[in-house]
Amino acid sequence: MYPEQLLIPMREELTRLGVQELRTAADVDASLVGQPGTALVVVNSVCGCAARNARPAVAMALSHAVKPDVATTVFAGQDVEATQRARSLFVGYRPSSPSIALMKDGDVVFMLERHQIEGRSAQEIAADLTRAFDAYCSSAAQPA
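So, a few notes on the structure that sits alongside this text. (Residues numbered from 1 in each chain as written. Predicted model: local features only at pLDDT ≥ 70, side-chain atom pairs only at ≥ 80, totals over all residues. Heavy atoms only, no water.)

### Overview of the environment of Gln84
Here's step 1: Mapped onto the secondary structure, Gln84 falls in helix H4 (residues 80-88).
Here's step 2: Sequence separation of Gln84 and Asp105 is 21 residues, and the distance between their C-alpha atoms is 20 Å. (Helix = DSSP H or I, 4+ residues; strand = E, 2+ residues; numbered from the N terminus.)

So this is what it looks like as structure tokens:
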């Protein structure tokens, strides 16, 4: 695990956008389990592709007119319990960080795994996310 001081800017890159941090398994359960609607779940990471590609892509995508009802994040390798619980909801997907899931009514309807993030531009990833938002989210969704 990394010193928390080192992670603050990496966490804030998402939380300043209104993305809710889920730091415990109970936080994950309260926000994602049995909740109707759409939820974005970003598995954050210290790796370069999270910094270069994933977090900037999430920022771009969340400026789209159509977005999920809620946007959340867990931090892989740091908030271990929360990350394990969130990943347990990603049925059919192997653990990957970074990764970005879009859930609807508790089920994953769209997933970007590390191999779909690494080596791609933030703009390409954001375009994938906004297409998923258009397909699965209500245009009446409130800002994340």
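### A word on helix H3 (residues 48-61)
Here's step 1: Spanning 14 residues, H3 covers 19 Å between terminal C-alpha atoms, matching the ideal 20 Å at 1.5 Å per step.
Here's step 2: Of all the bends found along H3, the most pronounced is centred on Ala54 and spans about 30°, while Pro56, a proline, follows it within four residues.
Here's step 3: For H3, the set of buried residues is Cys49, Ala50, Asn53, Ala54, Arg55, Ala57, Val58 and Ala61.
Here's step 4: Check the buried side of H3 and you find it contacts helix H1 (4-15), strand E2 (38-44), strand E4 (99-104), helix H5 (114-117) and helix H6 (122-136). (Expected span 1.5 Å × (residues − 1). Bend = angle between axes of the 7 residues up to and from the residue. Buried < 20%, exposed > 50% of the residue type's maximum accessible area, 1.4 Å probe, protein only. Contact = heavy atoms within 4.5 Å.)

### Here's the deal with the environment of Met1
Here's step 1: Residue position: Met1 is located in the segment before H1.
Here's step 2: Note: C-alpha distance between Met1 and Gln78 (77 residues apart in sequence) is 5.8 Å.

### Details of the packing of H3 against H6
Here's step 1: At their nearest, the axes of H3 and H6 sit 8 Å apart, and the two run at 45° to each other. Classified by the angle their axes make, H3 and H6 are oblique. Regarding H3 and H6, the two cross each other, and that crossing is right-handed. Side by side, H3 and H6 meet where Arg52, Asn53, Pro56, Ala57, Val58, Met60 and Ala61 of the first sit next to Ala122, Gln123, Ile125, Ala126, Leu129, Thr130 and Phe133 of the second.
Here's step 2: In terms of residue class, the contact of H3 with H6 is built from 10 nonpolar, 3 polar and 1 charged. (Axes fitted to C-alpha atoms, helices over the stretch in contact; angles between N-to-C directions. Parallel < 35°, antiparallel > 145°, perpendicular 65-115°, else oblique. Left-handed = near helix turned anticlockwise from the far one by under 90°. Nonpolar A, V, L, I, M, F, W, Y, C, P; charged D, E, K, R; others polar.)

### Side note on the sheet that holds strand E3 (residues 70-75)
Here's step 1: Read from one edge of the open sheet, 5 strands run E1-E3-E2-E4-E5, paired in mixed fashion. A strand with exactly one partner marks an edge of an open sheet, and here the two such strands are strand E1 (20-21) and strand E5 (107-112).
Here's step 2: As paired elements, E2 and E3 share 6 bridges and run parallel to each other. Counterpart to Val42 in the pairing with E3 is Thr73.
Here's step 3: Contacting E1, E2, E3 and E4, helix H2 (residues 25-32) runs over the sheet at an angle of about 160° to E3.
Here's step 4: Strands E2 and E4 of the sheet are contacted by H3, whose axis makes an angle of about 165° with E2. (Pairing = 2+ DSSP bridges.)

### Side note on the pairing of E5
Here's step 1: With 5 bridges connecting them, E4 and E5 associate as antiparallel partners. Across the sheet, Leu102 pairs through a bridge with Phe110, a residue of E5.
Here's step 2: Counted along the chain from E4 to the antiparallel partner E5, the turn is 2 residues long, and its residue Asp105 has a positive phi close to 50°.

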